[in-house]
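Letter by letter, the chains look like this.
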Amino acid sequence: MKPAARRALLVAHVGTSVGWLGAIAASLALAVIALATTDAAVANAVLLVLEPLGWAALVPLSLASLASGVIQSLLSPWGLVRHYWVLIKLLMNLLAVGVLLLYMQTLAELARLARASLASGDEVARSASPVVHGAAAIVLLLAALVLSVYKPRGQTGWGSGDRRTTGTDLGTA
Amino acid sequence: MSPETPEHRRSRMDNARPGVPRWVKLFAVIGAVIVVLVVVLLLSGHGPSRHGGQGSSASTISLDTRR
């Protein structure tokens, strides 16, 4: 692969991944505010905005990060399953995207409860769930970031003996 | 911090020991615990749309507290 194309893919993957991390950080901050505030209007507003924030930023950025990472790995000498750090990042990304897509149902339910609260004037349900899930996602993505930067050694059964991985074109993934 | 050159990477790859590295085993154990935890939580009814509803552990605040 040409260096220019390799760098473009790297920019796409780093950009979408950092964007995903930032979107999670924003969601986590909002979730903490909703949990800590004594102002019901603020709590309701946060619960209403978390779901569209998820669909507008979390889901597309997570899918873009996954897709760009897979494409970049397949086109680079690192491969998708040759090195443990790449394979583990892939599994972590799949887990995070899967949990996120499931969790969007929870955010929809929390938004529905907030709307009902606004309409009826009843008490606002508050849950630590968005904080817990947001914090776990931050930890997961930071672990993936550490793997990307340090690239700890170790080849899988699909990578050992494959001399393409010891070439001079490893500045990717 | 100087960037790692392809030559350094090649040297590191060539020096890689056979077998599963310790850090991979650590990640595998943590990953297995997380997956088991997720499955148990889903099977125990913690799954999507269960937050904040009737009978949940969600706390509440009254709208009377609005300014």
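Refer to the structure above for everything that follows.
In what follows, the accompanying structure is described. All of these numbers come straight from a predicted model, not from anything done at the bench.

## Describing the overall build of chain A
So, point 1. Counting its secondary structure elements, chain A contains four helices and one strand.
So, point 2. Helices and strands in chain A line up, N terminus first, as α-α-α-β-α.
So, point 3. What you see for chain A is a C-alpha radius of gyration of 20 Å, clearly larger than the 16 Å of a compact globule of 173 residues, by over 25%.
So, point 4. For chain A, the C-alpha atoms occupy an extent of roughly 65 × 30 × 20 Å along the three principal directions.
So, point 5. Here chain A holds 173 residues, and the buried ones make up 50% of them.
So, point 6. Looking at chain A alone, contacts between residues at least 24 apart form 80% of all its contacts between residues at least 6 apart.

## Focus: the packing of helix 3 (residues 84–120) of chain A against helix 4 (residues 129–150) of chain A
Residue and element names in this part refer to chain A.
So, point 1. The interhelical angle for the contact between helix 3 and helix 4, taken along N-to-C directions, is 160 degrees, at an axis separation of 10 Å. By the criterion of interaxial angle, the relationship of helix 3 to helix 4 is roughly antiparallel. In terms of crossing hand, the pair formed by helix 3 and helix 4 is left-handed. Where helix 3 abuts helix 4, its residues Trp-85, Ile-88, Lys-89, Met-92, Ala-96, Val-99, Tyr-103, Thr-106 and Leu-110 lie against Ser-129, Pro-130, His-133, Leu-140, Ala-143, Ala-144, Leu-147 and Ser-148.
So, point 2. The class makeup of the residues in the contact of helix 3 with helix 4 is 12 nonpolar, four polar and one charged.

## A look at the environment of Val-81 of chain A
Residue and element names in this part refer to chain A.
So, point 1. Considering the arrangement of structural elements, one finds Val-81 in the loop between helix 2 (40–75) and helix 3.
So, point 2. Judged by its relative accessible area of 29%, Val-81 is partly exposed.
So, point 3. Placed 78 residues apart in sequence, Val-81 and Gly-159 show a C-alpha to C-alpha distance of 7.1 Å.

## A closer look at the nonpolar core
Note that soluble globular proteins tend to have their nonpolar side chains buried in a common cluster.
So, point 1. Counting residues in each nonpolar core, the largest one holds 40 residues, and the members touching the most others are Trp-20 of chain A together with Trp-23 of chain B.
So, point 2. The greatest single-element share of this core, amounting to 14 residues, is contributed by helix 3 of chain A.
So, point 3. When near neighbours in sequence (up to four residues on either side) are disregarded, Trp-20 of chain A contacts Leu-58, Leu-61, Ser-62, Ser-65, Asn-93, Ala-96, Val-97, Leu-100 and Leu-141 of chain A.

Cut-offs used in this document
- Residues numbered from 1 in each chain as written.
- Chains lettered and ligands numbered in written order.
- Predicted model: local features only at pLDDT ≥ 70, side-chain atom pairs only at ≥ 80, totals over all residues.
- Heavy atoms only, no water.
- Helix = DSSP H or I, 4+ residues; strand = E, 2+ residues; numbered from the N terminus.
- Rg over C-alpha atoms; globule rule 2.2 N^0.38 Å.
- Buried < 20%, exposed > 50% of the residue type's maximum accessible area, 1.4 Å probe, protein only.
- Contact = heavy atoms within 4.5 Å.
- Axes fitted to C-alpha atoms, helices over the stretch in contact; angles between N-to-C directions.
- Parallel < 35°, antiparallel > 145°, perpendicular 65-115°, else oblique.
- Left-handed = near helix turned anticlockwise from the far one by under 90°.
- Nonpolar A, V, L, I, M, F, W, Y, C, P; charged D, E, K, R; others polar.
- Core = buried A, V, L, I, M, F, W, Y, C linked by side-chain atoms within 4.5 Å.

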